[in-house]
Amino acid sequence: MQDDAGHSEQQDAYMHEYDGALTEQVIAGRTADVHGAFFLPYLRAGMDVLDCGCGPGSITVGLAEAVTPGSVTGIDLEESQLARAHETASGLGLANVTFETADVRDLPFEDGRFDAVFSHAMLEHLPDPVPVLVEMRRVLKPGGLAAIRCIDLDGTIIAPDDGRLAAGHELWRKYRQHCGGDAFMGRRLRALLREAGFARTVGTTSSETWATPERAQSMSSVMTDEFTGPKIAQAAIQMGWADQAELEAIAHALDDWGTHPDAFMAIVWGEAVGWKEQTC
Ligand SMILES: C[S@@+](CC[C@H](N)C(=O)[O-])C[C@H]1O[C@@H](n2cnc3c(N)ncnc32)[C@H](O)[C@@H]1O
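Every value quoted in this text rests on a predicted model; they were computed, and no experiment measured them.

Asker: Honestly, the overall build of the chain in this entry has me stumped. Any pointers?
Answerer: Across its full length, the chain holds 10 helices and 7 strands. Over its C-alpha trace the chain gives a radius of gyration of 19 Å, about what one expects of a compact globule, namely 19 Å for 280 residues. When each of the 280 residues of the chain is scored for burial, the buried share is 52%. Considering only residue pairs separated by 6 or more positions, the chain has 80% of its internal contacts joining residues 24 or more positions apart. Counting every atom, the chain has about 12,400 Å² of accessible surface; 52% of that belongs to carbon and sulfur.

Asker: When you look at the pattern of salt bridges in this model, what are you seeing that I'm missing?
Answerer: Using the criterion set out here, one finds 14 salt bridges in the structure. With its nearest N and O atoms 2.7 Å apart, the salt bridge here joins Glu-277 to Arg-137. Linking Glu-277 in the segment after β7 (264–275) with Arg-137 in helix α5 (residues 129–138), this pair joins segments that are 140 residues apart in sequence. Between Arg-187 and Asp-154 there is a salt bridge; the shortest N-O distance is 2.9 Å. Of this pair, Arg-187 sits in the loop between α6 (164–178) and α7 (189–195) while Asp-154 sits in strand β5 (residues 140–159), and the two are 33 residues apart along the sequence. Among the charged side chains, a salt-bridge network with shared partners connects Asp-111, Glu-135 and Arg-138.

Asker: Explain helix α3 (residues 58–67) here, please?
Answerer: Every α-helix winds through 3.6 residues per turn, so residues three or four apart in the chain are directed the same way. Burial analysis of α3 places 8 of its 10 residues in the buried class, the great majority of the element. Among the residues making up α3, those that are buried are Ser-58, Ile-59, Thr-60, Val-61, Gly-62, Leu-63, Ala-64 and Val-67. Close packing links the buried residues of α3 with α2 (32–35), β1 (48–52), β2 (71–76), α4 (79–91), β3 (97–101) and β4 (114–120).

Asker: What's the story with unusual backbone geometry in this structure? I'm lost.
Answerer: Residues other than glycine predominantly adopt negative phi, and peptide bonds predominantly adopt the trans conformation. For the bond running from Thr-68 to Pro-69, omega is 5°, close enough to zero to count as cis. Tracing the backbone through its elements, the reader meets Pro-69 in the loop between α3 and β2. Looking along the chain, the bond that leaves Ala-159 and enters Pro-160 is cis, with omega of -10°. Along the polypeptide, Pro-160 turns up in the loop between β5 and α6.

Asker: What is the right way to look at the site of the ligand in this model?
Answerer: Near the ligand lie 20 residues; those nearest to it are Tyr-18, Arg-30, Gly-53, Asp-76 and His-120. Arg-30 is positioned such that a nitrogen or oxygen atom in its side chain is 2.8 Å from an oxygen atom of the ligand. When isolated, the ligand has an accessible area of 600 Å², and the protein chains bury 97% of it. Of the residues that constitute the shell around the ligand, the class distribution is 11 nonpolar, 4 polar and 5 charged.

Asker: Would you take a moment to explain the packing of α6 against helix α9 (residues 230–239) for this structure?
Answerer: The N-to-C vectors of α6 and α9 enclose an angle of 90°; their axes lie 10 Å apart at closest approach. Considered as vectors, α6 and α9 are oriented roughly perpendicular to each other. Contacts from Leu-171, Trp-172, Tyr-175 and His-178 of α6 reach α9 at Lys-231, Ile-232, Ala-235, Ala-236 and Met-239. Partitioned by chemical class, the residues of the contact of α6 with α9 number 7 nonpolar, 1 polar and 1 charged.

Asker: Sorry, what's going on with the sheet that holds β1 here?
Answerer: Where strands meet in a sheet, backbone hydrogen bonds hold them as pairs that are either parallel or antiparallel. Taken in spatial order, the 7 strands make up an open sheet running β3-β2-β1-β4-β5-β7-β6, and their pairing is mixed. The open sheet has two edge strands with one neighbour each: β3 and β6 (200–210). With strand direction ignored, the average angle separating the axes of adjacent strands in the sheet is 20°. Here β1 runs beside β4; their pairing, made up of 3 bridges, is parallel. When the bridges of β4 are listed, Asp-51 appears paired with Phe-118. Each of β1, β2, β3 and β4 touches α3; the most contacted strand, β2, lies at about 160° to it.

Criteria and cut-off values
- Residues numbered from 1 in each chain as written.
- Predicted model: local features only at pLDDT ≥ 70, side-chain atom pairs only at ≥ 80, totals over all residues.
- Heavy atoms only, no water.
- Helix = DSSP H or I, 4+ residues; strand = E, 2+ residues; numbered from the N terminus.
- Rg over C-alpha atoms; globule rule 2.2 N^0.38 Å.
- Buried < 20%, exposed > 50% of the residue type's maximum accessible area, 1.4 Å probe, protein only.
- Contact = heavy atoms within 4.5 Å.
- Areas by Shrake-Rupley, 256 points an atom, 1.4 Å probe, with all protein chains shown as cover.
- Salt bridge = Lys/Arg side-chain N within 4 Å of Asp/Glu carboxyl O.
- Near = heavy atom within 4 Å.
- Polar contact = N/O pair within 3.5 Å; in protein donor to acceptor, adjacent residues only side chain to side chain.
- Nonpolar A, V, L, I, M, F, W, Y, C, P; charged D, E, K, R; others polar.
- Axes fitted to C-alpha atoms, helices over the stretch in contact; angles between N-to-C directions.
- Parallel < 35°, antiparallel > 145°, perpendicular 65-115°, else oblique.
- Pairing = 2+ DSSP bridges.

And the structure:
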């Protein structure tokens, strides 16, 4: 059963495997320079920053470098990701970053603790984002800022395609909604920040591209892993979105695309920064 927004009965289940290729080859390779570029201009040495849903921490460590001698706290629900984040920070010898298990819906920090709160690729997985942004605003100092980046699947370009990759993309969108998230959250960030009480907001977009032989090959194997893995396949068959033969056709199309000399894929990220009002 699906509601008007495409949400089905399975809600609030993180859509990716924590030990899958997507986490290993895509998520863990993100950096503050690229994925936090819209946020870095607002950071200053000495700031105290919170990273919500930090995952394996590859962006978090770059934020810590940017605010030294300030500090960054990364939080996530998933222990395996926090262990990995710890390892990355220790490997870099960073003493100004800590990682804690916490739920973004109920932050274990006092009001007004942080200068800035960041969240990357997390909010689009949650069914009810406004209370999360209200929590983020609560832990900000007056005048502090929240910076959010979420994908918007309407911005995906993939070529060449005979239609099978478009079918795969549609399945991906359905699966995201099925897990309780919003595949099109990138465009809603300013509205959500405003709804959560942020006084002033600024929106931007940026894109990410896979269009070299190495990157196309890597993205092809990541996506094949997702489409042949248990999570999407099981949901697709259970919900009647695709049968086994269609799933295999998508996997074959991804294989072919990964070795195609003209393979080109790009995604669009929505970004927004919102400021908590100053008190007199
Ligand atoms: C797609 S990953 C993004 C990780 C990292 N921010 C990045 O972009 O590289 C989303 C992360 O949000 C975490 N997450 C999901 N729901 C959460 C919640 N309610 N509280 C804290 N973390 C959560 C997941 O465990 C996962 O590690």
